[in-house]
Structure formats: structure tokens, C-alpha cells
Amino acid sequence: MELPPSHFPAGRAAAVAVGYLRYLRGGPGRGLELRALRRARRQDIDDVGHKYYLELELEDVLDKDRPVNCTAEVLYHLGSKSTAPDVQVTVQGELRSTEEADKEFYSRIRSLEKELVAENIPDSHGNVPPELEPIHLLAWAASGYVIWQNSTENTKFHLAQVKHVKQVKRSDEDLQFDYVLLLHEMVSQEVIPWELTLLWHPQCGARVSRDRRQPGHAPGSGNT
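Definitions and cut-offs
- Residues numbered from 1 in each chain as written.
- Predicted model: local features only at pLDDT ≥ 70, side-chain atom pairs only at ≥ 80, totals over all residues.
- Heavy atoms only, no water.
- Salt bridge = Lys/Arg side-chain N within 4 Å of Asp/Glu carboxyl O.
- Helix = DSSP H or I, 4+ residues; strand = E, 2+ residues; numbered from the N terminus.
- Buried < 20%, exposed > 50% of the residue type's maximum accessible area, 1.4 Å probe, protein only.
- 1 Å grid on protein atoms, 1.4 Å probe; cavity = no way out; pocket = protein on both sides within 12 Å on 5 of 7 lines; lining within 4 Å.
- Points joined across faces, edges and corners; volume = space filled by probe spheres on them.
- Nonpolar A, V, L, I, M, F, W, Y, C, P; charged D, E, K, R; others polar.
- Pairing = 2+ DSSP bridges.
- Axes fitted to C-alpha atoms, helices over the stretch in contact; angles between N-to-C directions.
- Parallel < 35°, antiparallel > 145°, perpendicular 65-115°, else oblique.
- Left-handed = near helix turned anticlockwise from the far one by under 90°.
- Contact = heavy atoms within 4.5 Å.

Draft legend 1. Spatial organisation of the pattern of salt bridges. Per the stated rule, a full pass over the model turns up 18 salt bridges. The closest approach of N and O atoms between Asp60 and Arg96, which form a salt bridge, is 2.5 Å. Within this pair, whereas Asp60 is found in strand β3 (residues 49-60), its partner Arg96 is found in the loop between β5 (86-92) and α2 (99-110), the two being separated by 36 residues in sequence. Its relative accessible area of 21% is what places Arg96 among the partly exposed residues. Overlapping salt bridges, with partners in common, bring together Arg35, Arg38, Glu57, Glu59 and Lys64 in one network.

Listed below in C-alpha cells is the structure:
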């Protein structure tokens, strides 16, 4: 069944696909976001679930002049809120190389005498200090994992803010960052703190090794 791109469930499926790709291909030198949902179709599969076929136009926030087209399939399983959607994404063309930026960031963090600690990214005015932009983009990648793993057909998550991040020194080659992210669930308007540990290495990409949802709150409740 063909769906208009403005159809809310199609937009929710697109958010899952972008989150999945952000986790797989995002990092300190790349931040992928949805520019446009070009086409959407839904297939109801008996005893399995609802499958969305999507045509997306994405952009890298660090390279907005070169849009990225991709196709995606998102399958929500029937009757299960604990099973992550099955996602397949095919990028058409090549993403901009981040090899040099990744190496520079890795070397800078490894050479810090004191572990990096930061909070409230972006700040209340929406500003991200340039030196923290890679940390913010890594949070995008990490949030992509949470969005993919925890979305249903009736949710739409968005990373609102990095509430806190702390680098943890390791004996191996990985960089480790312990994050507290604030995720805004657009349907219920709930703001959910999410604790997670992200490992990153230029050759291995981002991997979430631990995540835990904390009790959420409605906007304006004061529990920020």
C-alpha cells in the first residue's frame, strides 16, 4: 500500500532507518540526518508484521551540500514490543570519507592527560562548542542504536541533548564514553534519560556495549 510521505507511521519508520544507519556509519566525523522522505509503501505480512519500504534523502551535517540517497526496509514484528524492528538500508553512492578526521579525533582523545567530561550538549541556546562536536556526533551514533532497538510502530525517538558524558580510560585500544542522553519520544512527548556506554575505534566504528533506560518525565515537570 502506497503511503504519502507525510504519513506519520511512514515518518516513524524513516526515523528507525536513519537511526540504524547512523549507528552503523556515524562517528565523530559524520552525522547523518533525514532531509526528506521521498516515497513510502507498507506491506502487511500475515502472522509476521508490517513492513515499510522507504526511499530517503539524507544529509551529513558536516557536508550539507552533498545529499545522500538510500532505500530502506523496516519490519515491525506483530505483538512484540521487546523485539527490535528488522532494518535493511542500502546507500546509493559513497559517503564522504572521515578517515583523517577520525584519526585526528582518536589521537586527541588518547593524548588527554585528564579524561574528558562534559554536560548539556547542546546548551540551552542550542550551541555546541566546536571541540565537543565530535562527542555530540558520537552521541548521535549511540542514540541511533537506542532508537533502532527500542522503536515500535507507535513511537518516534529524537536525541534532544547529551546530559552528561565522561571518558573512561581503558587498557585496550578503544575509546570509551559513558553517556546520559535525553531522548524525546515525539508521540507521547515524554523525555527519557538513557544511560549507555559507547566504545569507538577508527577501524571498528561505534559499538554500544551497555544501555539502560531511566524513568522518563513529561516536558515541564522540572526533572531535568
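There's plenty left to go through after this.
Draft legend 2. Local environment of the layout of surface pockets. Counted as a void, the largest pocket has a volume near 550 Å³. The wall of the largest pocket is formed by 25 residues, among which Ala15, Leu34, Lys156, Phe157 and His158 lie closest to the centre. Only α1 (8-25), β2 (32-45), α3 (133-150) and β7 (157-168) provide two or more residues apiece to the lining of the largest pocket. If you tally residues by element for the lining of the largest pocket, the top one is α1, at 8 residues. For the lining of the largest pocket, the residue count by class is 15 nonpolar, 6 polar and 4 charged.

Draft legend 3. Fine view of the sheet that holds strand β6 (residues 117-121). Read from one edge of the open sheet, 5 strands run β6-β7-β8-β9-β10, paired in antiparallel fashion. Each edge of the open sheet is held by one strand with a lone partner, namely β6 and β10 (205-213). Across the sheet, the mean angle separating the axes of adjacent strands is 25° when strand polarity is ignored. Pairing geometry for β7 and strand β8 (residues 175-185), over 10 bridges, is antiparallel.

Draft legend 4. Highlighting the packing of α1 against α3. For the pair α1 and α3, the least separation of the axes is 7 Å and the interaxial angle reads 135°. Between α1 and α3, the angle is such that the two are oblique. Crossing geometry of α1 relative to α3 is assigned as left-handed. Facing α1, whose interface residues are Ala15, Val16, Gly19, Tyr20, Arg22 and Tyr23, α3 presents Trp140, Ala141, Ser143, Gly144, Tyr145, Ile147 and Trp148. Looking at the contact of α1 with α3 residue by residue, the class counts come to 9 nonpolar, 3 polar and 1 charged.

Draft legend 5. The arrangement of empty space enclosed by the protein in detail. Scanning the entire structure with this criterion turns up 1 cavity of 30 Å³ or more. In this structure, the largest cavity is lined by Arg30, Leu32, Asp60, Asp63, Arg66, Val68, Glu94, Leu95 and Arg96. Of the residues that constitute the lining of the largest cavity, the class distribution is 3 nonpolar, no polar and 6 charged.

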